[in-house]
Amino acid sequence: MAAFARSLVAECGQKLQKMRQNETFQVRQKAGHSDIVTDHDLWVQQYLSHRISRAYPTHSILGEEGGGFQGHSDYAWVIDPIDGTTNYLHYGRGYAISVALMRQGTPVYGLVLDVASGTLHEGSPSPSVSAGAEAPEDGILHMGYKTMQRFAEMGADPYALAARFQGVRYMGCASLELCAIAQERCGFYVSTHLKLWDFAAAASILSSQGCRLAAAQIKDGQYFVCAFRSPALYRQCEPYFPPLARQALNQTGGPFHATD
């Protein structure tokens, strides 16, 4: 299944690059001007869903842009056809195709393709050693404007958390930003509003590289997600989280939680 997914996503990425270079595309708003979709998103969703359902007709499919199917197997494919659509629209880089394979609600394989650069992030959960003690003062906090706004709405101070780090960054593509945590000296990612397809693939990839991802659903299919290499770093950041998020994360009993 991993070999199938690797080949499929690479092929789809090549086709998408050519479409971006040679074709005009239509853009529409989904839930406001900051939440957009293009007809290329829809094409990728359809392309991947069709190929997966043909190869594995009993598997379920969950995609951001539709094409869902409820199968009779323990396996489900979770697809984000273009993660970072705004980057795709404006820059033609900094976007990804993200595909996760889940079994009974737990990620067992993840694949994130940085289409523009051709970089493939891939992994399956495996026993690994986490980093030792890390301090926020030595690293970068990955947190976007919307997360900072929701921190405040939920009774927390995002600026207090940000002040602990050397700097704050935001890439606009959750899957790529999550995967980057493994390459950083000391990085911490946090978001208040991800959907399952935003992080399911990255969860497996991070686990295979000695990192951790914690996720808990807090509202209408939206997850509070954080990623890190060091449990010590998490313990220093967790007190700054909104109370509702801390409660939800502590109830999960594990490094990953998905009720979908």
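Residues numbered from 1 in each chain as written. Predicted model: local features only at pLDDT ≥ 70, side-chain atom pairs only at ≥ 80, totals over all residues. Heavy atoms only, no water.

1. Thoughts on the environment of Tyr 223
Mapping Tyr 223 onto the fold places it in strand E12 (residues 222-228). Among the residues examined, Tyr 223 registers a relative accessible area of 0% and is labelled buried. (Helix = DSSP H or I, 4+ residues; strand = E, 2+ residues; numbered from the N terminus. Buried < 20%, exposed > 50% of the residue type's maximum accessible area, 1.4 Å probe, protein only.)

2. Focus on the sheet that holds E12
Either a parallel or an antiparallel arrangement is found when strands of a sheet pair, and the pairing is made through backbone hydrogen bonds. Sheet architecture is open: five strands sit in the order E9-E8-E10-E12-E11, paired in mixed fashion. Among the strands making up the open sheet, the edge pair consists of strand E9 (167-169) and strand E11 (212-219). Each neighbouring strand pair of the sheet contributes to a mean axis angle of 15°, computed without reference to strand direction. Bridge analysis of strand E8 (residues 140-142) against E9 gives three bridges, and the strand direction is parallel. Paired with Leu 141 across the two strands is Val 168, which belongs to E9. Contacts from helix H4 (residues 145-153) reach strand E10 (187-194) and E12 within the one sheet, and its direction differs from that of E10 by about 70°. (Pairing = 2+ DSSP bridges. Axes fitted to C-alpha atoms, helices over the stretch in contact; angles between N-to-C directions. Contact = heavy atoms within 4.5 Å.)

3. Notes on the layout of surface pockets
Considering only enclosed or pocket space, the largest pocket measures out at about 1000 Å³ in volume. Along the walls of the largest pocket sit 37 residues, with Ser 34, Asp 35, Lys 146, Tyr 170 and His 193 positioned nearest its centre. Residue assignment for the lining of the largest pocket shows that the elements contributing at least two residues are strand E4 (75-83), helix H3 (85-90), H4, helix H6 (174-180), E10 and helix H7 (196-208). Grouping the amino acids of the lining of the largest pocket by side-chain chemistry returns 12 nonpolar, 13 polar and 12 charged. (1 Å grid on protein atoms, 1.4 Å probe; cavity = no way out; pocket = protein on both sides within 12 Å on 5 of 7 lines; lining within 4 Å. Points joined across faces, edges and corners; volume = space filled by probe spheres on them. Nonpolar A, V, L, I, M, F, W, Y, C, P; charged D, E, K, R; others polar.)

4. Let's talk about the packing of aromatic side chains
Think of a pair of aromatic rings as described by two things: how far the centres are apart, and how the planes are tilted against each other in angle. According to the stated counting rule, one finds 15 aromatic pairs in the structure shown. Between the aromatic rings of Phe 188 and Phe 241, the centroid separation amounts to 6.2 Å while the plane-to-plane angle is 35°, which identifies the pairing as tilted. Of this pair, Phe 188 sits in strand E10 while Phe 241 sits in the loop between helix H8 (231-237) and helix H9 (243-252), and the two are 53 residues apart along the sequence. Classification of Phe 241 as buried rests on a relative accessible area of 1%. One aromatic cluster is present, built from ring pairs that chain together Phe 151, Phe 165, Phe 188, Phe 224, Phe 228, Tyr 234 and Phe 241. (Phe/Tyr/Trp six-rings, centres within 6.5 Å; stacked < 30°, edge-to-face > 60°.)

5. Looking at the confidence of the model for the protein
Close reading of the predicted structure is inappropriate where its pLDDT is low. Overall, the predicted model of the protein reaches an average pLDDT of 91, with 95% of residues at or above 70. H9 is the least confidently modelled element of the protein, averaging 84 in pLDDT, while helix H5 (residues 158-162) averages 98, the highest of any element. (pLDDT = per-residue confidence, 0-100.)

6. Brief notes about the packing of helix H1 (residues 2-22) against helix H2 (residues 39-55)
Relative orientation of the contacting elements H1 and H2 amounts to 155°, with a least axis distance of 11 Å. By the angle class used here, H1 and H2 are roughly antiparallel. The hand of the H1/H2 crossing is right-handed. Taking contact as the criterion, the partners of Phe 4, Leu 8, Glu 11, Cys 12, Lys 15, Leu 16, Met 19 and Arg 20 in H1 are, on H2, His 40, Trp 43, Val 44, Tyr 47, Leu 48, Arg 51, Ile 52 and Ala 55. For the contact of H1 with H2, the residue count by class is 11 nonpolar, one polar and four charged. (Parallel < 35°, antiparallel > 145°, perpendicular 65-115°, else oblique. Left-handed = near helix turned anticlockwise from the far one by under 90°.)

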